[in-house]
Amino acid sequence: MYLSRFLSLHTLWVTVSSVMQHYPSVWGHYDVCKTQIYTEEGKVWDYMACQPEARDMIKYVKVTLDPPDITCGDPPETFCAMGNPYMCNNECDASTQELAHPPELMFDLEGRHPSTFWQSTTWKDYPKPLHVNITLSWNKTIELTDNIVITFESGRPDQMILEKSLDYGRTWQPYQYYATDCLDAFHMDPKSVRDLSQHTVLEIICTEEYSTGYMTNSKIIHFEIKDRFAFFAGPRLHNMASLYGQLDTTKKLRDFFTITDLRIRLLRPATGEIYVDEQHLARYFYAISDIRVYGRCKCNLHATGCKEENKRLLCECEHNTTGPDCGKCKKNYQGRPWSPGSYLPIPKGTANICIPSISSIGNPPKFDRIWPNISSLEVSKPNQANVCDNELLHCQNGGTCINNVRCQCPPAYTGILCEKLRCEREPGGCGRSSAPGRAAPGPAPRRGLCAAARKRDKARRSPLESLKGKRKEKKNSKNNRIQTRKAELN
C-alpha cells in the first residue's frame, strides 16, 4: 500500500515537473499588478510591475504559406516513405481526409495514427529550387520565454533560415541560419549557441547542429531561447536579478526576444547526400508535424492578463494604461509621460503608473478614487518620470516641489500634488465640529490660481457687478459723512 502511494506521488511530481518546464521559476514573478495597503493617509493602492503568464502561443497563431499552392495533394502525387526513402508508394491526396496534409496539421494534437503533419509538394521541378515560406502571425507583440521547436516528419532541411519581425511582417531580420554546410550555403562559419557569450548573445549564427538527412531519431530543430537567458541568469536560470537588470537597461536585448511574426524559410530539402538523385525526385520534400512557440503577450509590465477578442490578443491593462500593449496612458491620466514598468527592484519592480492629469486632479474619475501612494511614484530609477516639475506638474495650494520627487504640502492639505483637504479624511469631514475650538477651514483655494490670475479674474467681472460695487462704495461714503455731521452738531 505504501509502495503504491509512493508511486502515485512520484507520478504526480513527474507530471507537475514536466508541465513546469515551460513555466520555469524565471517567469514566476510579477503576477500581481496592485494591492491595497493602509498608510497614515488611509487606504491606498500599492502598485507593482506585472506581466501575463507564459503560455503556448501556437493556440493563437495564423499561418500562411508562400507559394500558397505548395501543399501536396492537388493534384494527388506519390512520395517516398519517411524511414525508407526508396519505398515510394505513399500518396498525398487533398480530397481524402486520411491522405491530406494541410497546413493546420503543423499545430494539431497528435491524435491520429500515423502522426499528422503538413507536407509540401515533392521536388518534381528540380533543378528549380524548392522554396517555401511559412509565416506565423499573432497580430500582437509577443515575448518569447522558451525555445522555439520545429519537428520535421521528413528529413530536416539542408538549408533553412528562421526569421522574425517586430512590425507585423513589414520588415524581417534573421534569427538563425541552419545548413549542412554553413560556409557553402550562407558564407558563414558554423557555430552553436555554446560558442556565444554575454557580449555576443545577439550574434546571428549559422549552425550545422540540426541539419542532417533521413534520420528517424533526428527530426527536431531548436532556436535556443533559454540557453541565451543562461548567459545572464546562470545554467539553471537561478540568478534572475541579473537577467531582469539586463532586460531593463538594454533595449536591443529585450527586442531580441520580442516578436510579432516568425517566418520559416525552407530553402533546400534534405537530400542525405551530395548529389540529388534526379531519377527519384519523390524522395525530396518538406514535412512538419509540430511547431512549439512559448511566450507571453507583451504588456510593458502593466498587465497580468491577455484576452482574445475578435480573434486578436489584447492586454488587460492596469496602472491606468490602455492600448493593445498597454502602451499609452488613459484619458485623464496623462499627468506625466507614459513609461513601461520596470522589473527592478526585485521582487515587486516599479510600476511607473500613469497619474491623473492636472485638469482632473480636483475631480478624479469615479472608477478609481484610491490615489497612488508616493512609494509607487519614486524616481530613483533612471526611467522613472517626475512627480512634480513646476512646469506641467505643479504642487497645488501652496505646496513645494522637493527634488521633483514629492510635494511638501501645507498642514491643511495632502495628496500627491497637495490637491486634497486633510480634514476630508477626518471624522465629520471639514465642518466646524471636526476641529473643536478652531474655526473650520474655508473653502479650498482655486487650484493653480496665482495672484496675477486672481487679478485677471477680477477684471473679468460683468459691468453690472462693477456698477453695483461702485454704488455700494458711494452709499457707504455718504453714511460716513452723515454720522460725522451728527457728531459735530451734538
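Source: prediction; values computed, not measured.

Glancing now at the overall build of the protein chain. Per the secondary structure count, the protein chain includes seven helices and 24 strands. When burial is assessed residue by residue, the protein chain has 43% of its 490 residues classed as buried. Residue pairs at least 24 apart in sequence account for 64% of intrachain contacts in the protein chain once pairs closer than 6 positions are excluded. Approximately 27,500 Å² of the protein chain is accessible, and the part contributed by carbon and sulfur atoms is 52%.

What follows covers the confidence of the model for the protein chain. Averaged over every residue, the pLDDT of the protein chain is 78; residues scoring 70 or more account for 70%. Ignoring residues within four places in sequence, the model shows residues 5–28, a span with pLDDT below 50, making 22 contacts including any to other chains.

If you trace the backbone, His319 turns up in the loop between strand 18 (312–316) and strand 19 (321–322). Taking relative accessible area as the criterion, His319 reaches 2% and is therefore assigned buried. Of the polar contacts made by the side chain of His319, one reaches the backbone oxygen of Met48; its length is 2.9 Å. A polar contact is formed between the side chain of His319 and the side chain of His302, at a distance of 2.8 Å. If we skip the residues at most four places from it in the chain, His319 touches Cys33, Tyr47, Met48, Ala49, Cys50, Leu301, His302, Ala351, Ile353 and Cys354.

In this structure the tally under the stated criterion is 14 salt bridges. With a closest N to O distance of 3.4 Å, Lys307 and Glu309 form a salt bridge. With a relative accessible area of 36%, Lys307 lands in the partly exposed category.

Attention shifts here to the nonpolar core. Formed by 62 residues in total, the largest nonpolar core has its most connected members in Trp118, Ile134, Trp138, Ile148, Tyr175, Leu266 and Ile291. A total of six residues in this core trace back to one element, the largest contributor, which is strand 8 (residues 132–144). Residues within four places of Trp138 in sequence aside, it is in contact with Met57, Ile58, Tyr60, Val61, Ile259, Thr260, Asp261, Leu262 and Val293. Membership of the second largest hydrophobic core comes to ten residues, among which are Cys388, Cys401, Tyr413 and Leu421.

Turning to the sheet that holds strand 7 (residues 118–119), a few remarks are in order. Pairing is antiparallel in the open sheet, where four strands are placed in the order 7-15-9-13. Each edge of the open sheet carries a strand with a single partner, namely strand 7 and strand 13 (220–223). Taken together, the four bridges between strand 9 (residues 148–152) and strand 15 (residues 287–292) define a ladder with antiparallel strand orientation. What sits directly across from Ile150, in strand 15, is Ile291.

With that settled, consider the packing of aromatic side chains. Each pair of aromatic rings is reported with the distance of its centres and the angle of its planes. Taken as a whole and assessed by the stated rule, the structure comprises eleven aromatic pairs. Consider the rings of Tyr177 and Phe186, whose centres lie 4.8 Å apart with planes at 50 degrees: the pair is tilted. Residue classification places Tyr177 among the buried positions, given a relative accessible area of 18%. Look at Phe223 and Phe256: their rings are 6.4 Å apart centre to centre, the planes differ by 40 degrees, and that puts the pair in the tilted class. With Phe223 in strand 13 and Phe256 in helix 5 (residues 251–256), this pair connects stretches of sequence that are 33 residues apart. In this structure Phe223 comes out as buried when scored by relative accessible area, which is 0%. Judged by relative accessible area, Phe256 falls into the buried class, the value being 8%. Every member of this aromatic cluster is reached through a ring pair, and the members are Tyr175, Phe223, Phe229, Phe256 and Phe257. A cation over a ring is seen here: Lys34 above Trp45, with NZ or CZ 4.3 Å from the ring centre. Across the ring face of Trp172, the terminal group of Arg263 is positioned such that the distance to the ring centre comes to 4.3 Å.

Here the focus is helix 3 (residues 226–233). Along helix 3, the positions that sit buried rather than exposed are Arg228, Phe229, Ala230, Phe232 and Ala233. On its buried side, helix 3 packs onto strand 8, strand 11 (173–179), strand 13, helix 4 (240–249) and helix 5. Trailing helix 3 by a residue or two, Gly234 shows a phi angle of about 90 degrees, which is positive.

Definitions and cut-offs
- Residues numbered from 1 in each chain as written.
- Predicted model: local features only at pLDDT ≥ 70, side-chain atom pairs only at ≥ 80, totals over all residues.
- Heavy atoms only, no water.
- Helix = DSSP H or I, 4+ residues; strand = E, 2+ residues; numbered from the N terminus.
- Buried < 20%, exposed > 50% of the residue type's maximum accessible area, 1.4 Å probe, protein only.
- Contact = heavy atoms within 4.5 Å.
- Areas by Shrake-Rupley, 256 points an atom, 1.4 Å probe, with all protein chains shown as cover.
- pLDDT = per-residue confidence, 0-100.
- Polar contact = N/O pair within 3.5 Å; in protein donor to acceptor, adjacent residues only side chain to side chain.
- Salt bridge = Lys/Arg side-chain N within 4 Å of Asp/Glu carboxyl O.
- Core = buried A, V, L, I, M, F, W, Y, C linked by side-chain atoms within 4.5 Å.
- Pairing = 2+ DSSP bridges.
- Phe/Tyr/Trp six-rings, centres within 6.5 Å; stacked < 30°, edge-to-face > 60°.
- Lys NZ or Arg CZ within 6 Å of the ring centre and 35° of its normal.

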